[in-house]
Amino acid sequence: FFSCSSAEGARTMSKFFQTSKKGETHELKEELNSDNKEKQKNAIKKVIASMTVGRDVSSLFSDVTRLISTVAIDIKKLVYLYVMNTAKSQPEKAVLLAGSFVRDSQHDSPLIRGLAIRTMSAINVEKMADYLADPLKKALRDSDPYVRKTAATAVAKMYSINLAKVEEGGFLEILQDLMSDSNPTVVSNAVAALCEIREVSGVNGVPGANPNNDLAEFKPQTVHTLLNALNEASEWGQVYILEGLSGYHAKTQEEADLIAERIIPRLQHGNAAVVLAGVKLLVQYLETWAKRAPIETRAETIRKFCSKMAPPLVSLVSGGQEFEIRFVALRNITLIIQRFPDLLSNQIKIFFVKYNDPIYIKLEKLDIMMALVDPTTVDVCLSEFLEYASEVDVEFVRKSVRAIGRTAIKIDSATQKCIDVLLQLIKTKINYVVQEGIIVIKDIFRKFPNQYESIIGALCENLDTLDEPDAKASMVWIIGEYAERIENADELLDMFIETFEEETMPVKLAILTAMVKLFLKRPHDTQELLQTVLKLASDSDVPDLRDRGFVYWRLLSCDPDAAKDVVLCEKASIDESSSKHDHELLNELLMHIASLASVYHKPPSSFLPDYLHMPVKKVVYMEDMDEDEEGEDAEPDPGDSAAPQGELDLLGDFDDLDIHKSAPAAAAPAAAASDPMDLLGGPTAAATPAQPSGDGFDDFFGTPAPAAAPAAVQRNTILTADKGFGLQVDSAIINEGGIIKMDMLVSNNAQAPLMNFAMQINKNVYGAALGAKLELPEPMMPGVRHAVKLPLSLGGPVANILDLQIALKSNAGVAYFTDQLPFDRIINKAATVEKQEFLN
């Protein structure tokens, strides 16, 4: 409509977007009601231009729609465009034109027939579905392919308005037939419609949703037709077909091999979307079928298809593509090489950074280089990393230094070379380079203890330049870990202790632990320094620091040997796999190649809230299949029992999500009773630093703490209305007479009544579950707030999940959120313990 092919056309178009003037609406009315077709057309263009820039032109609705019966096709198209945009904000007005749309759906011109169907399906009102049903069914059988492909898309839109009418009217069967149409555009639109229906069919809040609708699934006999249509379909039609095939699971090895062979030519397409859609299909093939091939041919099959995928992926990141396309390709490549590391192992030079690459491209290339580097390419990669570390972009330089450290951890034979490069960078005295170098060297020391400590002297020369918390904490860790080899370790730590109060919490914790290590290695000349640090830590208002100080104090006082076993124990080795996604997340992301999920590296549910309620067809990966086969005869775990039959299970979408993992606490070693300061060579208990009442060691040995005044209940918002389908939940965990309860205030902030409430808590480390059903007024009207106290029972099934993961259901949907169970709510504060009993 507003397209132009010349400067003259652009000037002609610009006049429609000129600033409005007083009386313009009246002039537009006159032009719309004139008998001059040219004036009518120009008037409608001005109206649509006003809509484009956000002006309200709803007052002209009757004047514009009066022209819907015109015989001039160009004017009719403009009227349809106006109606489709108006229907988004005022659908009830658009319904008034249903009769005109039905008449136009029988017009002699296929263009008008298609426009009528498209406009009716764009009006998101359930009543319009009644008018649309019969014309749509005729359009799906129309002789013109333009009308059929438009009608196929309209079926998916109608399904979101009234799915019952779609299923009862046989529209899904007609879509299945259209996938065998002679026109490839019709085929691709039918596939796209079925894919959309397959996703929408299980969304909560759609009455009568049927997630097991077989009619929305592809049948084996249609797959061959779809593969044939690939050769003739447009580039976006090919994307639709490939996307549809990715949701189809072959029934036999021969069928899977056929699909894979037919997909390979799509990898040579000029459109990046087609290439990535083809890669997605081949990745799924490799994960499901190639790994099931006989052992003697399995490796060759995987190598064959990897060799087919590598050149197209390389071409996507080459200089011939726009930077945005390269970025999307790089993000997808990062995922693929985590599963198939040999895919691009010989193409690492393609990912070398160029001077004119944007920073987001540089960072992605650096990630891929770190993943692909191996002993054969480590020398050339280190040279690249060293050169990158001299760039001007601070973020890129920091990541380059981290890349050197990760290479040292990943390839043992190259560790010394990496350390030499890091020392070379540290000697540059560039502040942020030095600090990042110290951070990665700490990780190298953890991976290779007692091997490269000769470089500590060079690190200590830069103490005065450290101003970042991570760098300070790393340097303090190095000093404490190698205190016996650093002559002036006490003096170096004293520099940090002087500024202890100003440091961040990670640095304070590192200083405390390093000082304990130093004391255990050199007890005679560091006890005064240790007392200072312990006093600073025990007086802190931060529970983490204070509690760690008390633990160290008690440990040192009771059993020095046990303290050495705990503090100076052998550290767990680290590797570079921390940069990779976990197995389950990687499986899900590989299913969403060429989508936003593969760019964000997050599952769709994290940025599309409604996606939690969509049925996602999972690919059975080889590793998971093997585990299932091995364990299918095993006895079920009583702790993993499902909800009782007939009881509503709201936690299916949590999928045993373990948000916070915590290691089991080690048992305290037995020790003989002694004064806390005896081991440190200080005075007797009389000189022990005074502890605030109720917080000192006396409370551990039976001295009752003074009773505190009951605090007012302070509820926190744990579910907001935008994520709770209109429900807001404010909650506090309280302990009433030894019974733990959730004191909740539930508010309906939606615009409609809510009902059918149910609530469930996932398995957790406390074994906490609801002790009663959630009782709320039904229906709960908009604006209503209701307070309720739900008792929690302990001793149920447990899982290594620290938070309370909660599901709250209403007729609007199921909302998922978390709450925390404070430890002081489940302990008995009145209980006492004798000193000897505690020590034993």
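That block above? That's the structure.
The rules we used
- Residues numbered from 1 in each chain as written.
- Predicted model: local features only at pLDDT ≥ 70, side-chain atom pairs only at ≥ 80, totals over all residues.
- Heavy atoms only, no water.
- Helix = DSSP H or I, 4+ residues; strand = E, 2+ residues; numbered from the N terminus.
- Buried < 20%, exposed > 50% of the residue type's maximum accessible area, 1.4 Å probe, protein only.
- Contact = heavy atoms within 4.5 Å.
- Areas by Shrake-Rupley, 256 points an atom, 1.4 Å probe, with all protein chains shown as cover.
- Pairing = 2+ DSSP bridges.
- Core = buried A, V, L, I, M, F, W, Y, C linked by side-chain atoms within 4.5 Å.
- Axes fitted to C-alpha atoms, helices over the stretch in contact; angles between N-to-C directions.
- Phe/Tyr/Trp six-rings, centres within 6.5 Å; stacked < 30°, edge-to-face > 60°.
- Lys NZ or Arg CZ within 6 Å of the ring centre and 35° of its normal.

S.K.: Describe the overall build of the protein chain, listing the residues and the values that go with them.
M.R.: When its secondary structure is counted, the protein chain shows 35 helices and eight strands. When burial is assessed residue by residue, the protein chain has 47% of its 840 residues classed as buried. Residue pairs at least 24 apart in sequence account for 67% of intrachain contacts in the protein chain once pairs closer than 6 positions are excluded. With the model as given, the accessible surface of the protein chain reaches about 41400 Å², and the carbon-plus-sulfur share is 52%.

S.K.: Which residues make up helix α12 (residues 171-178), and what are the values?
M.R.: Extensive coverage of α12 is indicated by the burial of six of its eight residues. For α12, every residue scored as buried is listed here: Phe171, Leu172, Ile174, Leu175, Gln176 and Leu178.

S.K.: So, the sheet that holds strand β6 (residues 785-793): which residues are in play, and what are the values?
M.R.: Judged by pairing direction, the sheet is antiparallel, and its five strands sit side by side in the order β1-β2-β3-β6-β5 without closing on themselves. This sheet does not close on itself; its edge strands, each paired only once, are β1 (716-719) and β5 (769-770). Alignment of strand β2 (residues 727-736) against strand β3 (residues 739-748), held across 10 bridges, turns out to be antiparallel. If you follow Asp730 over to β3, its bridge partner there is Leu745.

S.K.: So, the environment of Val95: which residues are in play, and what are the values?
M.R.: Among the structural elements, Val95 can be located in helix α6 (residues 91-95). Through-space distance from the C-alpha of Val95 to that of Lys127 is 7.7 Å; in sequence the pair is 32 residues apart. Discounting residues that sit within four places of it in the chain, Val95 has contacts with Ile123, Val125, Lys127, Met128 and Tyr131.

S.K.: Break down the nonpolar core for me, citing the residues and quoting the values.
M.R.: Within the largest apolar cluster, 209 residues are counted, with the highest numbers of intra-cluster contacts made by Leu136, Leu175, Phe385 and Phe445. Beyond its immediate chain neighbours, meaning those up to four positions away, Phe445 contacts Tyr452, Glu453, Ile455, Ile456, Leu459, Trp477, Ile478 and Tyr482. Of all hydrophobic cores here, the second largest spans 27 residues; its members include Met742, Ile761, Met780 and Ala815.

S.K.: Can you break down the sheet that holds strand β7 (residues 804-810) residue by residue, with the values?
M.R.: The three strands lie next to each other as β4-β7-β8, forming an open sheet whose pairing is antiparallel. The sheet is open, and its two borders are formed by β4 (758-761) and β8 (813-819), each paired with just one other strand. The sheet shows a mean angle of 20° between the axes of neighbouring strands, direction not considered. Pairing geometry for β4 and β7, over four bridges, is antiparallel. Along β7, the bridge assignment pairs Ile761 with Ile806.

S.K.: Tell me what's going on with the packing of aromatic side chains, and back it up with residues and numbers.
M.R.: When we look at a pair of aromatic rings, we describe it by the centre distance and by the angle of the planes. Under the defined criterion, the tally for this structure stands at nine aromatic pairs. Ring centres of Tyr80 and Phe101 lie 5.7 Å apart, and the angle between their planes is 35°; this geometry places the pair in the tilted category. Of the two residues, Tyr80 is situated in helix α5 (residues 73-89) and Phe101 in helix α7 (residues 98-104); the sequence distance between them amounts to 21 residues. Tyr80 sits in the buried class, given a relative accessible area of 0%. Looking at Phe101, the relative accessible area reads 0%, which means it is buried. Members of the aromatic cluster, connected to one another through ring pairs, are Phe385, Tyr388 and Phe396. One cation-aromatic arrangement involves Lys137 over Phe171; the distance from NZ or CZ to the ring centre is 5.5 Å.

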